[in-house]
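Geometric and topological summary
Spelled out from the first residue to the last, the chains are:
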Amino acid sequence: METDCTRPAPLPPGTRLLHIGPHKTGTTAIQGALFAAKHRMGEYGVAFPAHTRHPMEAALAACARPAMMGDPVPTDRHWGRLLQQVAATVGRTSVISSEFFADAEGDGTIARIVDQLGGDRVHVLVTLRPLVKIMPSQWQQYVQNGLRMGYADWLEHMLRKPPYERPNPSFWHRHRHDRLVERWARAVGAERLTVVVVDDRDRAGLPRAFEALLGLPENLLQPVPDTANRSLTLAETEMLRNLNVEFRANGLPDELYSRLVRGGAVLHMKNACAPEPGDVKIVTPRWAVRAAAEIAAESAARIAALGVRVLGDPALLSAVPEQPEPRPAEPRIAPEVAARALYGALAAVASAPGGGAPARTVHQTSSKDLLRVLGHRCLKRLGRR
């Protein structure tokens, strides 16, 4: 393994830099910065071929993976369009970024993706954070996709209950980082794979690494505020998790979840409500912290043996944060936050063609009945469409 903490040399002109994440390693932030700077990057011979900040549908289609709960199914058309955009960059350096490439299963799928993107011109970039920090972030993200299991039970399943695949088999496929790096190194060779260790204490470290590899001037990539991508607090996550339980218990279809919950309640809550300093955070118990750190240390050692280049300090990946055993705390959600979430769901219903308000006022309706009313109204809107 080549470990380098200095500014690396730019990749050869014409390289197609494929950033595969995985999830919760600063992907959204760097995608926002790249997309915002795409025109300026063009002045330095670097293309951002996607028409959106994150070509998620294209990546999902390439990996033959399902969409998020209730979202439209990605098709080969999405992937084909991105490939056309990449091909149009001709001899320029280009950068493609989606954490969903980390979900690709099997050497054949990965080899096909690499071949279609340019074969020997492809250089794979993997960004890594400590597993201890990824686990709570990934759990609340799974809750945003319909998970109904609490954090303590989820940790038990992920760390103590073989084969460690329920309820989210994608977790270790993404976050057993040594295996992830090994899968992609087999496709491109160790010399064409770079690992960047993200240091949360240095917010500028990740964009500076991208600038160096792409041959861009320092500070060209700047953060773009994105409240819609912020993590949920424990109270917000628990509110959503309980909503997921009600949603499933009432037998509502997945299509409604995408529109009513994720694209309505959750999105509006994130945009309208900033976390308060006193909000209870998602805290990982010490036994799980130690277990995650051991796995991360083993992963770092295996990555070192693969001969890939590592930018940053690999020791950060298995560092155990100094913290006392967390005390049980009751997550309480502010009325304003709950109101914002409810308004987002109502707005999602009303925004559909022919939308209208529920016949009964909200304060006269139980949460279960309200969810059922909203669900049936959304079904009617979708049926008309």
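Being a predicted model, the structure only gives us computed values, none of them experimental.

The subject of this paragraph is the side chain of Lys24. Checked against the element boundaries, Lys24 lands in the loop between β2 (16-19) and α1 (27-36). It turns out Lys24 is buried and unbridged, and the closest side chain with the opposite charge, Glu99, is 7.4 Å from it. Among the polar contacts made by the side chain of Lys24, one reaches the side chain of Gln141 at a distance of 2.7 Å. Setting aside residues no more than four positions away along its own chain, Lys24 makes contact with Arg129, Ile134, Ser137, Gln138, Gln140 and Gln141.

Attention now goes to the packing of helix α7 (residues 151-160) against helix α13 (residues 286-306). In contact at an axis separation of 11 Å, α7 and α13 are set at 35° when each is read in the N-to-C sense. In this structure, α7 crosses over α13, and the sense of that crossing is left-handed. Counted together, Leu155, Glu156, Leu159 and Arg160 of α7 and Trp287, Ala288, Ala291 and Ile295 of α13 form the full contact between these two elements.

A few words now on the confidence of the model for the protein chain. Averaged over every residue, the pLDDT of the protein chain is 87; residues scoring 70 or more account for 83%. Ignoring residues within four places in sequence, the model shows residues 355-365, a span with pLDDT below 50, making 19 contacts including any to other chains.

Attention now moves to α7. Tyr151, Trp154, Leu155, His157, Met158 and Leu159 are the residues of α7 that are buried. Packing partners of the buried residues in α7 comprise α6 (131-143), α8 (170-175) and α13.

Moving on, we come to unusual backbone geometry. Trans is the common state for peptide bonds, and a negative phi is the common state for residues other than glycine. Omega for the peptide link from Gly21 to Pro22 comes to 10°, which places this bond in the cis form. Positionally, Pro22 belongs in the loop between β2 and α1. The omega angle of the peptide bond from Arg166 to Pro167 is 5°, so this bond is cis rather than trans. Inspection of the secondary structure puts Pro167 in the loop between α7 and α8. Unlike most non-glycine residues, Lys24 shows phi in positive territory, near 65°. When its relative accessible area of 18% is taken as the criterion, Lys24 is described as buried. Phi is positive for Tyr164, which is not a glycine, with a value near 60°. Among the secondary structure elements, Tyr164 is positioned in the loop between α7 and α8. Relative accessible area serves as the criterion here: at 33%, Tyr164 is assigned to the partly exposed category.

Reading guide: rules and limits
- Residues numbered from 1 in each chain as written.
- Predicted model: local features only at pLDDT ≥ 70, side-chain atom pairs only at ≥ 80, totals over all residues.
- Heavy atoms only, no water.
- Helix = DSSP H or I, 4+ residues; strand = E, 2+ residues; numbered from the N terminus.
- Buried < 20%, exposed > 50% of the residue type's maximum accessible area, 1.4 Å probe, protein only.
- Lys, Arg positive; Asp, Glu negative; His and termini not counted.
- Salt bridge = Lys/Arg side-chain N within 4 Å of Asp/Glu carboxyl O.
- Polar contact = N/O pair within 3.5 Å; in protein donor to acceptor, adjacent residues only side chain to side chain.
- Contact = heavy atoms within 4.5 Å.
- Axes fitted to C-alpha atoms, helices over the stretch in contact; angles between N-to-C directions.
- Left-handed = near helix turned anticlockwise from the far one by under 90°.
- pLDDT = per-residue confidence, 0-100.

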